[in-house]
Amino acid sequence: MNSPTRNISQDSPRPVIRQLDEGAINRIAAGEVVERPASAVKELAENAIDAGARRIEVDYADGGKTLIRVTDDGCGMTADDLPLALSRHATSKIDGSDLLDIHTFGFRGEALPSLGAVGRLKITSRAEGGEGVTLSVSGGKMEPVKPAALTRGTVVELRDLFYATPARLKFLRTDRAEAQAISDVIKRLAMAEPYVGFVLRDVSGGGEGRVTFRADPQSGDMFDALHGRLATVLGKDFAENALAIDAEREGLTLTGYAALPTYSRGSSVAQYLFVNGRPVRDKLLVGALRGAYFDFLSRDRHPAACLFIDCDPHLVDVNVHPAKSEVRFREPGLARGLIVSALRHALAEAGHRASTTVANATLGAMRPEVTEPRVYQMDRPSQNYSAPYHPSQEAVEQSYTWQAPERPEPMITPGFAEMSVPSARMEEVEAAPVTEALPLGAARAQVHENYIIAQTERGIVIVDQHAAHERLVYEKLKHQMAEHGVKAQALLIPEIVELSANDAQMLLDLADDLAKLGLGIEAFGGGAIAVRETPAILGRVDAKAMIEDILDELADLGDSFTVQAKIEAVLSRVACHGSIRSGRRMHAEEMNALLREMEATPHSGQCNHGRPTYVELKLSDIERLFGRT
């Protein structure tokens, strides 16, 4: 760039400030509120929930580009309400006196006028005790209110989205991608409102369409209703492997379900977070969720969870994002600490429990693939069919002689009695009837000097002895470190790290927390910090690289686990070397002792990388493999 470009130059005439017309204002607002068809569905479905609807049906065509129709059985609107509902900043949800006292999804009064400014909007509604009425808006031009036939509730129909701003259409994705985004919005709202029924229908091409998602209203208490709804939305596997979360701290309540570490995902797609019932994608909460599972999953695996934080509306600001997808807590540290402590407590309570999907995957690998028998050309009957040729016995024997390989010298094969005793054999132990009633049962055999086979009352358990013992040793090392702290080694010459003033202050705010992990830092003037101590267990450390990694995590997740990760990686390596090695034969007493210790140790169901340490197979599943049921 040769010279700076200015919007206002001395040679050009002074620009005149103008008041934009209502249509332009609404189109600008729509650019913030309505990013894509899924944004329109979100606004309309949230309005239906705010209206007290107990059943919501959403129809869409061509990914929502040509049609979005939301039908609800809520309180409805009168003929006087409809024109007001399509006016900017007109709402029934707040009175404007306290912008923090918000108990509904919507509160700005921007959605309907914004949709009417960029598409063809038609609202038909009927309030209880009133008459049905309808109102249409096309490109911001409102028509008069007319009578209409409707039993109850409201029907909002949006056609030709962005027809008034055709340039926006170029930025939309394929119909399939937009339909997937609509489905994601409805599923999130379905999780937030388990007592409300949802139906999502694709009506592309006309007709009654195809139902792509259905969630019937749940009943019972909150946890039962949410559990049933999560089974519908996320699948039965998640519901079977999720732990109930219920915790409270200083006015903040955390409820929901979080999956076991062994039920992890390759990305963060199965993480659903809600604040006062509102679906959010908040960096602070996502970082807290990852921090809670930090010790149980490798960096390429992500936890699955559906968590709800409820608090006084004055403790959180929901008006910080145009789409209301982010929030700001008055005390963010309190919210983060609640998530981390509650989830870790629940995971510790789960003990040795592992995901049932591990057993399902094992059974799936055991089942033979069903394939069609191959039919060769010679087996197909020809048009000129004749009786089959039957060779003579002599010809058959001769053909066998030609095709058979040369026979080796006869070899004496030892019988079972002459073979060495395999490691998979072991004697019955006297306490077997008692130990079979325990969760991991009684050890019966060792296979390939690495896998313990145990019998339970309901089936069998296969244990990876090395992975299991590695986790046990790792937990002991962590417990010892928590009791005695992390020893720090003082640097002979402190290492000075130059940073920006903001980065330096961010680190110094965490100085006390880092000191507990053996990393001692202090201000060195300007934007520099001095690293005076590093964790002794890490040996020689590149302090500058570690500081930069910590800052990167703080910027990305709002917290840092770099130092703790390095320390626990060392503990993990120590545990690996100090555990029972693969290939070692174990006696029955040793195997049973390992099983009992696993039952008593939290998190023993997965190794240090989140992989399962054992697989449980039910007797009914084993019998099904052999066709006995």
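Check the entry above for the structure.
This text gives an overview of the structure that appears in the document. Since we're looking at a predicted model, the values are computed, not measured.

Okay, unusual backbone geometry next. If you check the backbone angles, Asp 160 has positive phi at about 50 degrees while not being a glycine. A positive phi angle is found at Glu 449, which is not glycine, with a value near 50 degrees. Structurally, the position occupied by Glu 449 is in the loop between strand 17 (442-447) and strand 18 (451-455).

Moving on to the packing of aromatic side chains. According to the stated counting rule, one finds three aromatic pairs in the structure shown. Centre to centre, the rings of Phe 238 and Tyr 263 are 6.1 Å apart; their planes meet at 65 degrees, and the pair counts as edge-to-face. Highlighted residues: Phe 238 in helix 7 (residues 236-240) and Tyr 263 in the loop between strand 11 (252-259) and strand 12 (271-275), separated in sequence by 25 residues. Taking relative accessible area as the criterion, Tyr 263 reaches 12% and is therefore assigned buried. Between Phe 274 and Phe 308, the ring centres sit 4.5 Å apart and the planes meet at 10 degrees, which makes this aromatic pair stacked. Highlighted residues: Phe 274 in strand 12 and Phe 308 in strand 14 (residues 305-310), separated in sequence by 34 residues. We note that Phe 274, like Phe 308, is buried. Here the guanidinium or amino end of Arg 120 rests over the ring plane of Tyr 163, the centre of that ring lying 3.8 Å away.

This part covers the sheet that holds strand 12. Read from one edge of the open sheet, five strands run 10-11-14-12-13, paired in mixed fashion. What marks the edges here is a single partner per strand, and that holds for strand 10 (242-249) and strand 13 (278-280). The average angle at which neighbouring strand axes cross in this sheet is 20 degrees, direction not considered. Both strand 11 and strand 14 contribute to a ladder of six bridges, which runs antiparallel. Its bridge partner lying in strand 14, Thr 255 is registered against Phe 308. Those strands touched by helix 9 (residues 332-349) are strand 10, strand 11 and strand 14, and its axis lies near 140 degrees from that of strand 10.

Time to look at the sheet that holds strand 17. Across the sheet, four strands lie side by side as 17-18-19-23; this open sheet has antiparallel pairing. The two strands at the open ends of the sheet, each matched to only one other strand, are strand 17 and strand 23 (614-618). Taken over all neighbouring pairs, the strand axes of this sheet differ in orientation by 20 degrees on average, direction set aside. Here five bridges tie strand 19 (residues 459-464) to strand 23, and the two strands are oriented antiparallel to one another. The partner of Val 461 across the bridge, within strand 23, is Glu 616. Across the sheet, helix 13 (residues 465-484) lies against strand 17, strand 18 and strand 19, angled at about 70 degrees from strand 19, the strand it touches most. The strands touched by helix 18 (residues 588-600) within the sheet are strand 17, strand 18, strand 19 and strand 23, with strand 17 carrying the most contacts at an inclination of about 115 degrees.

Residue position: Val 497 is located in strand 20 (residues 488-498). For Val 497, a relative accessible area of 1% puts it in the buried group. Residue contacts for Val 497: discarding those within four places in its chain leaves Gly 527, Ala 528, Ile 529, Val 531, Lys 544 and Ile 547.

Here we come to helix 8 (residues 283-292). Those residues of helix 8 that fall on the buried side of the exposure criterion are Leu 285, Gly 287, Ala 288, Leu 289, Gly 291 and Ala 292. Capping the start of helix 8 is the job of one residue whose side-chain oxygen sits 3.1 Å from the backbone nitrogen of Leu 284: Asp 282.

Take the side chain of Thr 154 next. Looking at the element boundaries, Thr 154 is found in strand 7 (residues 153-159). Classification of Thr 154 as buried rests on a relative accessible area of 8%. A polar contact of 2.9 Å, which involves the side chain of Thr 154, links it to the side chain of Ser 125. Excluding residues within four positions of it along the chain, Thr 154 makes contact with Val 70, Thr 71, Asp 72, Gly 76, Met 77, Ile 123, Thr 124 and Ser 125.

Rules used in this analysis
- Residues numbered from 1 in each chain as written.
- Predicted model: local features only at pLDDT ≥ 70, side-chain atom pairs only at ≥ 80, totals over all residues.
- Heavy atoms only, no water.
- Helix = DSSP H or I, 4+ residues; strand = E, 2+ residues; numbered from the N terminus.
- Phe/Tyr/Trp six-rings, centres within 6.5 Å; stacked < 30°, edge-to-face > 60°.
- Buried < 20%, exposed > 50% of the residue type's maximum accessible area, 1.4 Å probe, protein only.
- Lys NZ or Arg CZ within 6 Å of the ring centre and 35° of its normal.
- Pairing = 2+ DSSP bridges.
- Axes fitted to C-alpha atoms, helices over the stretch in contact; angles between N-to-C directions.
- Contact = heavy atoms within 4.5 Å.
- Polar contact = N/O pair within 3.5 Å; in protein donor to acceptor, adjacent residues only side chain to side chain.

As far as function goes, none of this settles anything; it's purely spatial.
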